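Here is what each chain is made of, one letter per residue.
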Amino acid sequence: MTTFGILGAGQAGATLARVSVDAGYDVVIANSRGPETLAGLVRELGPKARAATVSEAAAAADFAILAFPYVPGTRLPVEDLAGKVVIDNNNYMVWRDGHYPEVDSGQKTVHELRQEQLPASKIVKAFSHVQFHERHPIRVPSDRLPAIVRLAWPAGAPDRKALVVSSDHPEAVEFVTAFYDDLGFDAVDNSPLSESWRSAPGTPMWKGSVDGQSRDELIANLKRAERVIA
Ligand SMILES: NC(=O)c1ccc[n+]([C@@H]2O[C@H](COP(=O)([O-])OP(=O)(O)OC[C@H]3O[C@@H](n4cnc5c(N)ncnc54)[C@H](OP(=O)(O)O)[C@@H]3O)[C@@H](O)[C@H]2O)c1
């Protein structure tokens, strides 16, 4: 079975661990404080999951996610992730992250900066615009489910929603497309990483993400995006 290395065990990492275990994946999960702090989560996830250090999780992974914000100069397990598909679900949030001049000037996307941090890995932007928490406001009881669960549909369902994938590596796009399908979503390829600003916070597709978008709606919203240069 394929092992998913989840680096970051907050709202996004822990929720993705739950749905991935449910979809049949083995999960190795890490945070910055150490595996002993993840005992409760791992107990809840059951026998298909274990906690590890960041570098152990990266080494055990067939593919991985960095489920924490981009920070310049962060020490990452570069060697352990070499050659692997590494999902980046980060969103550049100035209120949280501060300003990155290369991104503000339109010179690079934040995901290209991640690719530079892990030059031997296949960085792929994915899962960045699906919420890992409940809907606000709650209208009906199912709104309490995280959108990654609430909006999932089997392949071919008329209401199936789509999620964006962007990478400089076609094999990473192919991999994430299949992974999205396993979790209940279609994919729209918005590659390469230099185009990934089209799915950044504040764009039309971003605004339409709370209740999901069909493939056609998502493609149209990506086209409507206008780049904001500071
Ligand atoms: N939450 C969502 O609905 C959502 C949706 C789409 C995208 N995202 C993106 O997902 C990312 C995570 O968001 P979140 O809401 O899950 O944040 P969060 O709840 O604050 O969790 C962040 C997690 O990352 C861990 N971490 C931080 N730096 C790390 C490092 N260098 N190595 C390993 N683990 C590290 C933290 O560990 P410690 O607690 O031990 O420090 C924590 O477990 C962000 O980039 C966000 O933009 C979130």
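Computed from a prediction, not measured in an experiment: that's the story for all the values here.

For the bond from histidine 136 to proline 137, the omega torsion is -5 degrees, close enough to zero to count as cis. Here proline 137 lies in the loop between β6 (122-126) and α7 (147-150).

The buried fraction of strand β7 (residues 162-167) is high, at five of six residues. With three bridges joining them, β6 and β7 adopt antiparallel strand pairing. Within the sheet, the bridge partner assigned to lysine 125 lies in β7 and is serine 166. Both β7 and strand β8 (residues 186-189) contribute to a ladder of four bridges, which runs parallel. Bridge pairing links leucine 163 to alanine 187 in β8.

Before going further, it helps to spend a moment on the site of the ligand. Taken together, 23 residues sit near the ligand, with Gly8, Gly10, Ala12, Asn31 and Phe68 positioned nearest. The leading source of residues in the shell around the ligand is helix α1 (residues 11-22), at three residues. Classifying every residue of the shell around the ligand by side-chain character gives nine nonpolar, 13 polar and one charged.

Turning our attention to helix α8 (residues 170-183). The terminal C-alpha atoms of α8 lie 20 Å apart, and with 14 residues this matches the ideal 20 Å at 1.5 Å per residue to within 8%. Looking only at α8, the buried set comprises Ala172, Val173, Phe175, Val176, Phe179 and Tyr180. All buried residues of α8 project into a common sector of 160 degrees when viewed along the axis, lining one side. Away from the buried face of α8 by more than 90 degrees, exposed residues Pro170, Glu171 and Ala178 are located. Against the buried residues of α8 lie β4 (63-66), β5 (85-88), β6, β7 and β8.

Residues annotated by UniProt as "domain: Pyrroline-5-carboxylate reductase catalytic N-terminal" (unreviewed entry) correspond here to residues 4-91. Measuring from the first to the last C-alpha atom of residues 4-91 gives 21 Å, for a span that is 30% helix and 23% strand.

Basis of the calculations
Residues numbered from 1 in each chain as written. Predicted model: local features only at pLDDT ≥ 70, side-chain atom pairs only at ≥ 80, totals over all residues. Helix = DSSP H or I, 4+ residues; strand = E, 2+ residues; numbered from the N terminus. Buried ≥ 20, exposed ≤ 12 C-beta atoms within 10 Å, placed from the backbone. Pairing = 2+ DSSP bridges. Near = placed C-beta within 6 Å. Nonpolar A, V, L, I, M, F, W, Y, C, P; charged D, E, K, R; others polar. Expected span 1.5 Å × (residues − 1). Arc of directions from axis to C-beta. Contact = placed C-beta atoms within 7 Å. UniProt positions renumbered as here; feature names shortened; annotations may be inferred.

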